[in-house]
Amino acid sequence: MKPFSNLTTSTPPKTGQQATQATPTAYWSLSAEELLSAQSSSRNGLQPADAEQRLKQYGPNTIRAKQQTTVLRLLLSQFKSPLVLILIFAAIVSGIVGEWVDAIIVLAIVLGSTILGFVQEYTASNSVEKLRSKITIKSSLLRGGQPQTLPSEQVVPGDVVMLSAGSLIPADGIVLEAKDFFVNQAVLTGETFPVEKEPAIVPVNASLAQRINCVFMGTSVNSGTAQVLIMQTGKDTVFGQVAERLKLRPPETEFERGIRHFGNLLTQVMLVMVIVVLAVNIYLAKPVLDSLLFSLALAVGLTPELLPAIISITLSHGAKQMAKRGVIVRRLNAIENFGSMDILCTDKTGTLTEGVVRLDGALDTQGQPSETVLCYAYLNAHYQTGLNNTLDEAIQSAAQKVGLDISAEQKVDEIPYDFVRKRLSVVVANAKGEYTLITKGALENVVSICTSLQSGDGTHPLDTATQTEIEKRYSEWSEKGFRVLGIAIKTVAGQSEAYSYADEKELTFAGFLLFFDPPKADVQQVIVDLAKRGVQLKIITGDNQKVARHVAEAVNLPLQGVLTGSELNDLHDEALWHLAERTTLFAEVDPNQKERIILALKKTGHVVGYMGDGINDAPALHAADVGLSVDTAVDVAKDAADFVLLKKDLDILRQGIDEGRMTFANTLKYILTTISANFGNMFSMAGASLILPFLPLLAPQILLNNFLSDIPAVTIASDNVDREMTEKPRRWNTRFIRNYMVVFGLVSSIFDFLTFGTLLLLFHASPEEFRTGWFIESLITELVIALVVRTRHPFFRSRPGRLLLVSTLIFIGITLVLPYLPFISVFGFVPLPAPLMLAMLGLTVLYVIATEITKKIFYSRLENAQA
């Protein structure tokens, strides 16, 4: 079934302040002239002033399928946690029964925590939006008869947009002119293959698939060229109407899945602990309200409520660091995947090679330099109006250097390039009225439509012996690293109708075009660096295998295996899964085969990155775990990518991988700190509440402890990362997290109970002194432990980030002076005798030593298990 194929509504109801677009109902059933008149436009497009007015009237050409983050919405989202809402409710109950001091303290700390999370997330959100704004999809259109390139958001009804291969269609419109114009609209109609669009009038009740004269927002141009009159933009488009139905949740990354499982685990532990503690305390006849507040505060203390904010901050920080290195992040959640990536697939052009293609020779059929062949190539490259490419630029540059003049030849028609024919033809006419069809493309595809060849003494039949000679030359040049195209010509008659693929037959082969793209000087070291980081590099290219092999050997890329597109067609999926891992070079592949290779590598458990910048790369970019494109890529490739590089360079990728791994490492640090300190403290507190005749800490004290420890935690995003954390891909390991929680939580609890014994048996502390002493010990240990568990090395051998170190020292100082502040009695604290304070500090030092010893044993056993 073709989704949405019966959707014919053209003007849905509006929301907000945007004006209704006055588009004729069933506009696809009207003529182009009627529609131009209805839109007060012309084939030269709108006047700039009219377009500006319409932009103000109708708003930007965007679909706000997701609600835009606003200050108020982000602030309110901080209160969506059930724990926060329950605490607020409990504080209100405290106020009702007269416990105003407790109520105010609880509300103040809850408000402080939510504001902390809000400020951090708002800052992170703004930073990311600024980075994303650097990468915009643009459209070519006519304004006042002049071609302009503007952001697609500025397209308005009545604009005339010029489309070519690789263009993302910015809005819904009607085709005014088209030349071999094929559009991929599977996202709306479910059609597997591109469909041809042309000027026409179709019935009023035509479905989307039947509207051959319409193009739709969100679809892309596969081949050909067209001019389109825009009829509907933004929410008024078909895509806008079905946006909610089309809006699929992005696939959950491995890291996101791990975070979710970790949160579920803590939630289960928290619920059991809260219910048991509350029930036992009530059974022991302790005050019900105090017990309720204590249990809820215990839950808050255990819950990593800052985890979403920490992840946002860490990802934002990673995105900003990547931007400094020339990598713009389009999808934040892909950063961890970037760090986990262990296979990178890329074309050779611009990554392994300089990407500056030069025409090394225009040769006749005998392999000799020929100005005639160069002239044919120049005419083809100059007059083609499809996708700009480096090969045509190289041809024109070489022709202009030798002063070729083609002004006597005028373009008549064009048969655009596509990835099936792999060739492009133009028809030109000279002053004598002679028409010539000139075809340029992949050598095999050009020779296949030729029946003769041009030589110095005339034209000869293209027999088997001659074809063998052409293939021999092609093979020799390819082995030297040249990319070889063919040029063919044919005298044709003038005709009123357009020329088509059917005219590309019985041509005369004219010669060869040899292009060379030298390997990058520094790429060998980058390949070594990627290998050291556990990232395999694989080449996936449409070029012939001999050229690709030459480049791979030139840059010392180890070749484990080579697969061609034709060989790939003969493989079942299961066989490809087996071979893909052991193959370094995939050559002569088409777009669908690229996607199939990526899926095969993913199927075998790899995190796969793909770097591409062409129309034929879009399927593979969508399929990859990490889609990478460049700022100069076609729109459809940039739109499919997770990251956009401002420069096509493997070294930038290497730096991006390091940033992804540092982002992963710093997020994990917060989790390890939470489970090693919070879990132990809250477990100990719950146990103490069952054996002590009083609550070990009051609810406001628990919340204050949690709040003060959270502030330094937000600086983890900018922490330094040990080198070994970036040396290989890091994957989420639930078993590691669980074991870490048990081992280090147990160490924390042991020292908590040592603290209880010291306070009660050695110092005979009163309830107020007990709470004050344990508050200080538990808060300092939680602050210090972040410096210990952030590294696998002894903490003094790994330098923490400046912000983390300074903020930790500041809050340790605040903790030590807290009991002596004049107003602190409202929290139930009392000044401590010097011996008791020194004992708390001594226990903290012992805890750090014990944690260091435990850490050494834990990681030694982990390494032995992995060996």
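Cut-off values and rules
- Residues numbered from 1 in each chain as written.
- Predicted model: local features only at pLDDT ≥ 70, side-chain atom pairs only at ≥ 80, totals over all residues.
- Heavy atoms only, no water.
- Helix = DSSP H or I, 4+ residues; strand = E, 2+ residues; numbered from the N terminus.
- Buried < 20%, exposed > 50% of the residue type's maximum accessible area, 1.4 Å probe, protein only.
- Contact = heavy atoms within 4.5 Å.
- Areas by Shrake-Rupley, 256 points an atom, 1.4 Å probe, with all protein chains shown as cover.
- Pairing = 2+ DSSP bridges.
- Axes fitted to C-alpha atoms, helices over the stretch in contact; angles between N-to-C directions.
- Phe/Tyr/Trp six-rings, centres within 6.5 Å; stacked < 30°, edge-to-face > 60°.
- Patch = residues over 30% accessible without salt bridge, like charges linked within 9 Å, V, L, I, M, F, W, Y side chains within 5 Å.
- Salt bridge = Lys/Arg side-chain N within 4 Å of Asp/Glu carboxyl O.
- Lys, Arg positive; Asp, Glu negative; His and termini not counted.
- Charge placed at Lys NZ, Arg CZ, Asp CG, Glu CD.
- Expected span 1.5 Å × (residues − 1).
- pLDDT = per-residue confidence, 0-100.
- Parallel < 35°, antiparallel > 145°, perpendicular 65-115°, else oblique.
- Left-handed = near helix turned anticlockwise from the far one by under 90°.
- Arc of directions from axis to C-beta.
- Polar contact = N/O pair within 3.5 Å; in protein donor to acceptor, adjacent residues only side chain to side chain.
- Core = buried A, V, L, I, M, F, W, Y, C linked by side-chain atoms within 4.5 Å.

Trainee: Any chance you could explain the overall build of the chain here in plain terms?
Mentor: Along the chain, the regular secondary structure elements total 29 helices and 23 strands. Looking at the chain as a whole, 55% of its 867 residues qualify as buried. Residue pairs at least 24 apart in sequence account for 74% of intrachain contacts in the chain once pairs closer than 6 positions are excluded. Carbon and sulfur atoms provide 57% of the accessible area of the chain, an area that totals close to 37,600 Å².

Trainee: I would appreciate a short explanation of the side chain of Thr62 in the present structure.
Mentor: Looking at the element boundaries, Thr62 is found in the loop between α2 (48-58) and α3 (71-77). Excluding residues that lie within four positions of it along the chain, Thr62 makes contacts with Glu153, Gly234 and Lys235.

Trainee: Teacher, can you tell me more about the sheet that holds strand β8 (residues 327-329) here?
Mentor: Hydrogen bonds between backbone atoms are what pair the strands of a sheet, whose relative direction is either parallel or antiparallel. Taking strand neighbours across the sheet as the criterion, the eight strands line up as β8-β23-β22-β21-β9-β18-β20-β19 in an open arrangement whose pairing is mixed. Single-partner strands in this sheet number two, and they are β8 and β19 (562-564). Looking at each pair of strands side by side, their axes are set apart by 20° on average, direction ignored. Most of the contacts of helix α18 (residues 545-554) go to strand β20 (residues 585-587), to which it runs at about 150°, and overall it touches β18 (536-540), β19 and β20. Helix α21 (residues 591-603) contacts β9 (343-346), β18, β20 and β21 (608-611) of the sheet and is inclined by roughly 160° relative to β21.

Trainee: So what exactly am I meant to see when it comes to the packing of aromatic side chains here?
Mentor: Remark: the centre distance and the inter-plane angle together describe each pair of aromatic rings, the angle taken between the planes. If you walk through the whole model with that rule in mind, you get 20 aromatic pairs. Connected via pairs of aromatic rings, a cluster forms that spans Phe694, Phe753, Phe756, Phe770 and Trp774.

Trainee: Where do I start with a negative patch on the surface in this structure?
Mentor: On the surface, a cluster of negative charge is contributed by Glu444, Glu471, Glu567, Asp570 and Glu588. Following the sequence through the fold, Glu471 ends up in helix α16 (residues 464-479).

Trainee: How do you make sense of the environment of Gln467 when you look at a structure like this?
Mentor: Examined against the element boundaries, Gln467 turns out to sit in helix α16. As for Gln467 and Val447, which are separated by 20 residues in sequence, their C-alpha atoms are 8.1 Å apart.

Trainee: What exactly am I supposed to notice about helix α27 (residues 767-789) here?
Mentor: Because an α-helix packs 3.6 residues into every turn, residues spaced three or four apart end up facing the same way. Here α27 is 23 residues long and its end C-alpha atoms lie 32 Å apart, about the 33 Å a rise of 1.5 Å per residue gives. Of all 23 residues making up α27, 20 are buried, and the element is well covered by its neighbours.

Trainee: Looking at this structure, how should I read the confidence of the model for the chain?
Mentor: Parts of the prediction with low pLDDT should not have their coordinates interpreted in detail. With 86% of its residues at a pLDDT of at least 70, the chain reaches an overall mean of 83. Of all helices and strands in the chain, the one with the weakest mean pLDDT is helix α8 (residues 243-246) (46), whereas strand β13 (residues 435-442) scores best (96). Note on residues 1-17: pLDDT under 50 across the span, and 42 contacts to partners over four residues away in sequence or across chains. Scored below 50 in pLDDT, residues 244-249 shows eight contacts in the model against residues more than four places distant or in partner chains.

Trainee: I'm lost on a nonpolar patch on the surface in this one. Help?
Mentor: Side chains of Val845, Leu846, Ile849, Ile853 and Ile857 sit close together on the surface and give an oily, nonpolar patch of about 450 Å² of accessible area. Overall, Leu846 belongs to the partly exposed group, its relative accessible area being 47%.

Trainee: Please clarify how the pattern of salt bridges should be interpreted in this entry.
Mentor: A side chain of one charge can pair with a side chain of the opposite charge when the charged atoms of the two come close. A full pass over the atoms with the stated rule returns 20 salt bridges. Put simply, Glu33 and Arg43 hold a salt bridge, and the shortest N to O gap is 3.0 Å. Separated by ten residues along the polypeptide, Glu33 in helix α1 (residues 32-38) and Arg43 in the loop between α1 and α2 bring together distant segments of the chain. For Arg43, a relative accessible area of 33% puts it in the partly exposed group. Residue Glu852 is joined to Lys855 by a salt bridge in which the shortest nitrogen-to-oxygen separation is 3.3 Å. Taken together, the residues span about one helical turn, with Glu852 and Lys855 both in helix α29 (residues 834-866) at a distance of three residues. Given the relative accessible area of 14%, Glu852 is considered buried.

Trainee: Even after reading the chapter, I still don't get the pairing of strand β7 (residues 220-232), so can you show me in this structure?
Mentor: Within β7, twelve of the 13 residues are buried, leaving the element largely enclosed by the surrounding structure. The pairing of strand β3 (residues 160-164) with β7 spans five bridges and is antiparallel. Along β7, the bridge assignment pairs Ser164 with Thr225. Note that strand β4 (residues 172-184) and β7 share ten bridges and pair antiparallel. Each bridged residue has a counterpart across the sheet, and for Asp172 the counterpart in β7 is Gln232.

Trainee: What exactly am I supposed to notice about unusual backbone geometry here?
Mentor: Note: most peptide bonds trans; most residues except glycine with negative phi. Despite not being glycine, Glu588 shows a phi value in the positive range, around 60°. With a phi close to 50°, His764 is a non-glycine residue in the positive phi region. Residue position: His764 is located in the loop between α26 (734-762) and α27.

Trainee: Honestly, the packing of helix α25 (residues 699-713) against α27 in this entry has me stumped. Any pointers?
Mentor: Two quantities define a packed helix pair, namely the angle between the axes and the distance from one axis to the other. For the pair α25 and α27, interaxial distance at closest approach is 10 Å and the crossing angle is 20°. Between α25 and α27, the crossing angle belongs to the class labelled roughly parallel. Like other packed secondary-structure pairs, α25 and α27 cross with a definite hand, here right-handed. Residues Gln701, Leu704, Asn705, Leu708, Ser709 and Pro712 of α25 pack against Arg771, Phe775, Ser778, Leu779, Glu782 and Leu783 of α27.

Trainee: Is there a simple way to explain α18 in this structure?
Mentor: Within α18 the residues assigned to the buried category are Val547, Ala548, Val551 and Ala552. For α18, the angular spread of buried residues about the axis comes to 135°, placing them on one side. Contacts made by the buried residues of α18 are with α16, β16 (483-492), β18 and β20. The opening residue of α18 is Asn544, an N-cap whose side-chain oxygen sits 2.9 Å from the backbone nitrogen of Lys546. Where α18 terminates, the next one or two residues include Asn556, which has phi positive at roughly 60°.

Trainee: Which parts of the structure should I look at to understand the nonpolar core?
Mentor: In globular proteins that are soluble, nonpolar side chains generally tend to be buried together. The biggest cluster of nonpolar side chains holds 63 residues, and the ones touching the most others in it are Leu672, Leu708, Phe736, Ile737, Tyr740 and Phe775. Counting residues per element, the ones that place at least two in this core are α9 (254-283), α24 (650-691), α25, α26, α27, α28 (802-817) and α29. For Leu672, the contacting residues outside a window of four places in its chain are Phe736, Ile737, Tyr740, Val789 and Tyr859. By size, the runner-up hydrophobic cluster in this structure holds 60 residues, among which are Leu352, Val526, Ala620 and Leu645.

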